[in-house]
Amino acid sequence: MTHHIISCIEHYRKQEFMKMKHAKRIFYIYCNKARVQITTWNVNHRSPPEDLTPLLGLSRNPDVIAVGLQEVAVSPHEAILNTILVDKWTKALDRIMGEKAYSKIRNVAMVGIVLNVYVQERHKSKTSVIDYARVRTGFKGLYGNKGGVSLTILLYESTLTFVAAHLHPNDGALEKRIDDFLVIEKRRGRSCSQEDYTFWFGDFNFRLHGQAYTANKIQHMVQKGNLGELLSRDQLNDVRQAGRAFKGYEEMQITFKPTYRYTVGTDSHDLQRRPAWTDRVLYRAGDGREVIPVQYSVIPEFNISDHKPVEAVFLIAVAT
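Everything in this summary refers to the structure shown in the same document. Predicted model only: the values in this text are computed from it and were never measured.

### What about the overall build of the chain?
Okay, step 1: A tally of regular secondary structure across the chain gives 7 helices and 13 strands.
Okay, step 2: If you take every contact in the chain between residues at least 6 apart in sequence, the share linking residues at least 24 apart comes to 70%.
Okay, step 3: For the chain, the accessible area works out to roughly 14,500 Å², and carbon and sulfur atoms hold 49% of it.

Right, dumping it as structure tokens:
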């Protein structure tokens, strides 16, 4: 991250050039550009493959990497161990990140939901944990197989919040998914008066409206490249537009195929379920801040799960 003063306006837009008044004098906060890599994947209880590097976007040299995983644990016993100890996916990620000069800021786990956040080692001394939370929504809030975990960090003088979630499944559970979001958003805690940048990601499980859109029909439309019509029936887009959930959050345009459900070991949809974009990344900028979206895509290298991993890349301006 290179220091900028006036060039903040030139490179990162006026909203990211922060101006403060003090004692009748105007002074300017230095701005740094930071690249944020977000990855989410429902791993379907599988063991990590030998090489997880494609999940991490390392060729882009991100300053911050957040990885959210779902269904890491198989049994209640393993789920408890994952919460207390370090799970095998986290161990594999930590090993790679240590070799690539990244430092881990924190792991937050709840049953099969796991969040890991890393920064480049050169930023470690300027990064600290502000808050973290675990919010259960499974079995009416009694069990953490569904819900979300969050982590808020201070990177130099800017706050970044990451929320990794796994919401209720099935076509008919739209209202439960909305409730999940509302509960997690309310209970995850906010130790700072304003979050500068917030990222929500995970297996949100939103499906497509209309049972007339059968699995075969959806597959045919995907093969024809007619994603627009399908996305117009996407439940998440609908509830966002109606202000029922994710109000104030944004999402980059989806140009990739539905992320669920795949036949394990292949790149073909399992038509026993209707394909849908269940795996998503949303973001929100606080007052006077702006997130610049860079990339939103499926990571094609993996087929061990019935979900495809999804990555999103952003540029933000960090006050120093």
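### So, the pattern of salt bridges
Okay, step 1: Counted under the stated rule, the structure contains 16 salt bridges.
Okay, step 2: Put simply, arginine 289 and aspartate 196 hold a salt bridge, and the shortest N to O gap is 3.2 Å. One end of the pair, arginine 289, is in the loop between β11 (279-285) and β12 (292-298); the other, aspartate 196, is in the loop between α4 (174-187) and β10 (197-203), with 93 residues separating them in the sequence. We note that arginine 289, like aspartate 196, is buried.
Okay, step 3: Aspartate 306 serves as the salt-bridge partner of arginine 261, at 3.9 Å between the closest nitrogen and oxygen. Note that arginine 261 is positioned in the loop between α7 (235-242) and β11 and aspartate 306 in the loop between β12 and β13 (310-319), a separation of 45 residues in sequence.
Okay, step 4: Note on arginine 261: relative accessible area 21%, which makes it partly exposed.
Okay, step 5: Looking at aspartate 306, the relative accessible area reads 10%, which means it is buried.
Okay, step 6: Connected through salt bridges with shared partners, the residues Glu185, Arg188, Glu195 and Arg284 form a single ionic network.

### Quick word on the pairing of β13
Okay, step 1: In terms of burial, β13 is largely enclosed, as 10 of its 10 residues are buried.
Okay, step 2: Burial along β13 is two-sided: the face carrying Val310, Ala312, Phe314, Ile316 and Val318 and the face carrying Glu311, Val313, Leu315, Ala317 and Ala319 are both buried.
Okay, step 3: Pairing between strand β3 (residues 31-42) and β13: 10 bridges, direction antiparallel. Looking across to β13, one finds that cysteine 31 is bridged to alanine 319.
Okay, step 4: Where β12 and β13 come together, 6 bridges link them in antiparallel fashion. Opposite glutamine 295, over in β13, you have valine 313 as the bridge partner.

### Quick notes on the pairing of strand β5 (residues 102-110)
The two faces of a sheet get side chains in turn, since along a regular strand they alternate between them.
Okay, step 1: Where β5 and strand β6 (residues 113-120) come together, 8 bridges link them in antiparallel fashion. Bridged to tyrosine 102 within β6 is glutamine 120.
Okay, step 2: In textbook terms, the turn of a hairpin is the stretch between consecutive antiparallel strands, and for β5 and β6 this stretch comprises 2 residues, one of which, valine 111, has a positive phi near 50 degrees.

### Focus on α7
Okay, step 1: Those residues of α7 that fall on the buried side of the exposure criterion are Gln235, Leu236, Asn237 and Val239.
Okay, step 2: Lining the buried residues of α7 we find α4, α6 (227-231) and β11.
Okay, step 3: At the N-terminal end of α7, a side-chain oxygen is found 3.1 Å from the backbone nitrogen of leucine 236, two or three residues along, and the residue is aspartate 234.
Okay, step 4: One or two positions beyond α7, positive phi appears at glycine 243, with a value near 75 degrees.

### Section: the packing of aromatic side chains
Okay, step 1: Tallying each qualifying case throughout the model produces 13 aromatic pairs.
Okay, step 2: Considering the side-chain rings of tryptophan 200 and phenylalanine 246, the 5.2 Å spacing of their centres and the 85 degrees angle between planes classify their relative orientation as edge-to-face. Here phenylalanine 246 lies in the loop between α7 and β11 and tryptophan 200 lies in strand β10, a separation of 46 residues in the sequence.
Okay, step 3: Under the relative-accessibility criterion, phenylalanine 246 is labelled buried at 1%.
Okay, step 4: Ring-pair connections join several aromatic residues into one group, and the members of that group are Phe181, Trp200, Phe204, Phe246 and Tyr249.
Okay, step 5: Positioned over the ring face of tyrosine 262 is lysine 308, at 5.1 Å from the centre of the ring.

### Details of unusual backbone geometry
Okay, step 1: Cis rather than trans, the peptide bond between tyrosine 260 and arginine 261 has omega equal to 0 degrees.
Okay, step 2: Even without glycine at this site, histidine 45 takes up a positive phi of about 65 degrees.
Okay, step 3: Assignment of secondary structure puts histidine 45 in the loop between β3 and β4 (64-70).
Okay, step 4: Even without being glycine, asparagine 205 reaches a positive phi, approximately 70 degrees.

Conventions we followed
- Residues numbered from 1 in each chain as written.
- Predicted model: local features only at pLDDT ≥ 70, side-chain atom pairs only at ≥ 80, totals over all residues.
- Heavy atoms only, no water.
- Helix = DSSP H or I, 4+ residues; strand = E, 2+ residues; numbered from the N terminus.
- Contact = heavy atoms within 4.5 Å.
- Areas by Shrake-Rupley, 256 points an atom, 1.4 Å probe, with all protein chains shown as cover.
- Salt bridge = Lys/Arg side-chain N within 4 Å of Asp/Glu carboxyl O.
- Buried < 20%, exposed > 50% of the residue type's maximum accessible area, 1.4 Å probe, protein only.
- Pairing = 2+ DSSP bridges.
- Polar contact = N/O pair within 3.5 Å; in protein donor to acceptor, adjacent residues only side chain to side chain.
- Phe/Tyr/Trp six-rings, centres within 6.5 Å; stacked < 30°, edge-to-face > 60°.
- Lys NZ or Arg CZ within 6 Å of the ring centre and 35° of its normal.

The quantities given are spatial measurements derived from coordinates; they are silent on function.
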